[in-house]
Amino acid sequence: MSMVEDYAGFLKDFGAAAAAHISSQVGDHGELTSCVFSEDPEGVWAEATLSLRGVTAQRRGAPVYTRRNLIIRRDDGPVDDALSGAGLFASAVIEDLDNSWRS
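As a starting point, this report considers the structure included with it. (Residues numbered from 1 in each chain as written. Predicted model: local features only at pLDDT ≥ 70, side-chain atom pairs only at ≥ 80, totals over all residues. Heavy atoms only, no water.)

**Considerations on the pattern of salt bridges**
- Following the criterion strictly, the structure yields two salt bridges and no others.
- One salt bridge connects Arg74 with Glu39, and the closest N-O pair in it is separated by 3.3 Å. Placement of the pair is Arg74 in the loop between strand S3 (64-73) and strand S4 (77-78) and Glu39 in strand S1 (residues 30-40), with a sequence separation of 35 residues.
- Glu39 sits in the partly exposed class, given a relative accessible area of 31%.
- Salt-bridge contacts for Asp40 lead to Arg68; the nearest nitrogen and oxygen are separated by 3.6 Å. Taken as a pair, Asp40 in strand S1 and Arg68 in strand S3 lie far apart in primary sequence, 28 residues in all.
- You can call Asp40 partly exposed: its relative accessible area is 22%.
- Residue classification places Arg68 among the partly exposed positions, given a relative accessible area of 39%. (Salt bridge = Lys/Arg side-chain N within 4 Å of Asp/Glu carboxyl O. Helix = DSSP H or I, 4+ residues; strand = E, 2+ residues; numbered from the N terminus. Buried < 20%, exposed > 50% of the residue type's maximum accessible area, 1.4 Å probe, protein only.)

**A look at the nonpolar core**
- Counting 25 residues, the largest nonpolar core has Phe14, Ile22, Leu50, Ile71, Phe89, Val93 and Leu97 as its most contacted members.
- Counting residues per element, the ones that place at least two in this core are helix H2 (8-26), strand S2 (43-52), S3 and helix H4 (82-99).
- Setting aside residues no more than four positions away along its own chain, Phe14 makes contact with Phe37, Ala46, Ile71, Ala82, Gly85, Ala86 and Phe89. (Core = buried A, V, L, I, M, F, W, Y, C linked by side-chain atoms within 4.5 Å. Contact = heavy atoms within 4.5 Å.)

Set out below in structure tokens:
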């Protein structure tokens, strides 16, 4: 059985919370188009893709933004509980968007 299958409940809760957090924080700057999970030898990754608009898209130089974080380590399990981890992931997405255009 894969880790994605083993942690299906955790990932369902994480995905719903992350999507809600990101959608509420991104506001008029864009919209969340996907929040998916993938597995590799390190563990399970969450990946959020946003469609950006306006000044945010111009600053990033592209209308699409993707952020990927390791959320379940192969040997250690989840890094955080689902709701806290989703909040941290969403905050990282927004912080990265806010700071990406600054040099």
